[in-house]
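The lines below spell out each chain.
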There are 2 protein chains.
Amino acid sequence: MIDQTLPSRVLENAVTEIAKLPGIGRRTALRLALYLLSRSKDSGLQLAESIVALVTETKKCVQCHNICEAEICQICADPHRDRTKICVVEDVRDVLAIENTGQYRGLYHVLGGLINPIAGIGPSEIQISDLADRVARLNANEVIIALPSTAEGDTTAYYVFKKAKDLNVQISTLARGVAVGEELQYADEITLGRSILNRVPFEISLKN
Amino acid sequence: MIDQTLPSRVLENAVTEIAKLPGIGRRTALRLALYLLSRSKDSGLQLAESIVALVTETKKCVQCHNICEAEICQICADPHRDRTKICVVEDVRDVLAIENTGQYRGLYHVLGGLINPIAGIGPSEIQISDLADRVARLNANEVIIALPSTAEGDTTAYYVFKKAKDLNVQISTLARGVAVGEELQYADEITLGRSILNRVPFEISLKN
């Protein structure tokens, strides 16, 4: 049904554009376009304006590359943050997730992507070249690699590790293990195996 | 993570607008917004422009209310269509689906929605008031109700039936039954039961 040309050129065009978004196929794109047509014209224009503002007005923090409103993001500008620790993350969602834990008061370094040779994304496509400079300038003593444990995440983590290992800083990564509240029998084998290999003194678990 | 305010007002605004689309939550909206930021500025602007064009330039056919470019849609304008049959459908996707079967050469009447009292959508919110006029003007002899068999679809179908039954036309609806190629054991009970009640002479099945 959806492969045939739509009855209107502007509808066809909108569906093609919406279907370029990740995880949205032509069928869903048509559903969304028809939804926009079923609403008031203003609500569609508001959506379009918010997208224009998004791509034209957002800035990236010149220090950590997080998305922000000013030259320097709130976290980098905050004098109470611990400037000796830099946490390397993929994107702003990871910053939000880590901030939400309330367990980290250091700075971030937002890569804006992961190395993915299959998709043609090399180290020069992500914001990594200035990490060494930042470590030196801040006189940081720890780089925390907080990347997803996927093929791309592991590749990127290893690249960051290679870049950072001559910088005289401690390089750490997130603990992998059974989730808090998770039953052992439902944990996957690799995670459970890793949580046994990397077991910690019992007293540490009492502190959190 | 996602309930906290985002670090940028324009990002927050874009996420709020994108999350108004059906089936898209704040988490997905943030993923889409970050995807737009990761692409070139032009591709975001193209998307926005296509949405503006969609809501400002599309017209509805003055006869059948299908989405089109001109005053009258291609189907209504086609002199080879059978003007004695009107198929009542929910939206343009259903028109495309039925056109794709190649089994129907009549006209359509696109309601643009279904009666849904819970969502506050009554008969006046959908394009139904002019159906009787069209039937009279075209001197049509059949109204085919092709609506989904959901609570809203059935309510709307019954409303259309009540409107049409004094018009001296045949009122038919789609056959419900076991799908072509489907195994009986996997058909749901109501559908299978309906397909037995509404069984057809075997010779008819040989024709299709």
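Above: the structure in question.
Structure report, in brief. (Residues numbered from 1 in each chain as written. Chains lettered and ligands numbered in written order. Predicted model: local features only at pLDDT ≥ 70, side-chain atom pairs only at ≥ 80, totals over all residues. Heavy atoms only, no water.)

1. Re empty space enclosed by the protein
Here comes step 1: Applying the stated criterion across every chain, the model contains one cavity of 30 Å³ or more.
Here comes step 2: Counted as a void, the largest cavity has a volume near 110 Å³.
Here comes step 3: Lining the largest cavity are 14 residues, and of these Ile18, Leu21 and Leu47 of chain A together with Leu21 and Leu47 of chain B lie nearest its centre.
Here comes step 4: Put simply, the parts of the chain that give the lining of the largest cavity at least two residues each are α2 (26-38) and α3 (41-57) of chain A together with α2 (26-38) and α3 (41-57) of chain B.
Here comes step 5: For the lining of the largest cavity, a count of residues per class yields 14 nonpolar, no polar and no charged. (1 Å grid on protein atoms, 1.4 Å probe; cavity = no way out; pocket = protein on both sides within 12 Å on 5 of 7 lines; lining within 4 Å. Points joined across faces, edges and corners; volume = space filled by probe spheres on them. Helix = DSSP H or I, 4+ residues; strand = E, 2+ residues; numbered from the N terminus. Nonpolar A, V, L, I, M, F, W, Y, C, P; charged D, E, K, R; others polar.)

2. Overview of the layout of surface pockets
All names here are of chain A.
Here comes step 1: The computed volume of the largest pocket comes to approximately 1700 Å³.
Here comes step 2: Taken together, 42 residues make up the lining of the largest pocket; nearest its centre are Thr173, Leu174, Ala175, Arg176 and Gly177.
Here comes step 3: Listing elements by their share of the lining of the largest pocket, those giving two or more residues are β3 (82-89), α5 (92-101), β5 (142-145), α7 (151-164), β6 (170-173), α8 (189-197) and α9 (202-207).
Here comes step 4: Looking at side-chain class alone, the lining of the largest pocket contains 21 nonpolar, 13 polar and eight charged residues.
Here comes step 5: When residues are assigned to domains, the lining of the largest pocket turns out to be shared by domain 2 (81-174) and domain 3 (176-208), each giving three or more. (Domains from an automatic or database assignment.)

3. Description of the packing of helix α1 (residues 9-18) of chain A against α2 of chain A
Relative orientation and spacing of two packed helices are given, respectively, by the angle between their axes and the distance between those axes.
Residues and elements named next belong to chain A.
Here comes step 1: Two elements in contact, α1 and α2, have axes separated by 8 Å at closest approach and are oriented at 125 degrees. It follows that α1 is oblique to α2 by the angle criterion. Considering the relative orientation of α1 and α2, their crossing is right-handed. Counted together, Leu11, Glu12, Val15, Thr16 and Ile18 of α1 and Arg26, Ala29, Leu30, Leu32, Ala33 and Leu37 of α2 form the full contact between these two elements. (Axes fitted to C-alpha atoms, helices over the stretch in contact; angles between N-to-C directions. Parallel < 35°, antiparallel > 145°, perpendicular 65-115°, else oblique. Left-handed = near helix turned anticlockwise from the far one by under 90°. Contact = heavy atoms within 4.5 Å.)

4. Some points on the relation of the copies chain A and chain B
Here comes step 1: For these two chains of identical sequence, chain A goes onto chain B by a turn of 180 degrees and a shift of 0.0 Å along the axis, with RMSD 0.0 Å. Seen this way, the second copy is the image of the first under a two-fold rotation axis. Residues of chain A ranked by C-alpha distance from the rotation axis are headed by Ala48 of chain A, positioned 2.2 Å from it.
Here comes step 2: With an isologous cut-off of 70% or more, the 100% of interface residues of chain A that recur at the interface of chain B puts this contact in the isologous class. (Least-squares fit on C-alpha atoms with pLDDT ≥ 70 in both.)

5. Some points on the side chain of Asn116 of chain A
Residues and elements named next belong to chain A.
Here comes step 1: Structurally, Asn116 is set in the loop between β4 (106-110) and α6 (131-138).
Here comes step 2: By relative accessible area, which is 18% here, Asn116 ends up buried.
Here comes step 3: When residues no more than four places from it in sequence are discounted, the contact partners of Asn116 are Ile121 and Glu152. (Buried < 20%, exposed > 50% of the residue type's maximum accessible area, 1.4 Å probe, protein only.)

6. A look at the pattern of salt bridges
Here comes step 1: Enumeration over the complete set of coordinates arrives at 16 salt bridges over all chains.
Here comes step 2: Of the charged contacts in the structure, one is a salt bridge between Glu69 of chain A and Arg9 of chain B, with a shortest N-O distance of 3.6 Å. In this pair, Glu69 of chain A is assigned in the loop between β2 (67-68) and α4 (74-77) and Arg9 of chain B in helix α1 (residues 9-18), connecting two distinct chains.
Here comes step 3: On the basis of relative accessible area, Arg9 of chain B is assigned to the exposed category, the value being 53%.
Here comes step 4: A salt bridge links Glu142 of chain B to Lys85 of chain B; its shortest N-O distance comes to 3.9 Å. Of this pair, Glu142 of chain B sits in strand β5 (residues 142-145) while Lys85 of chain B sits in strand β3 (residues 82-89), placing them 57 residues apart in sequence.
Here comes step 5: Residue Glu142 of chain B is classed as buried on the basis of its relative accessible area of 13%.
Here comes step 6: A single network of salt bridges, built from pairs that share partners, joins Asp82, Lys85 and Glu142 of chain A. (Salt bridge = Lys/Arg side-chain N within 4 Å of Asp/Glu carboxyl O.)

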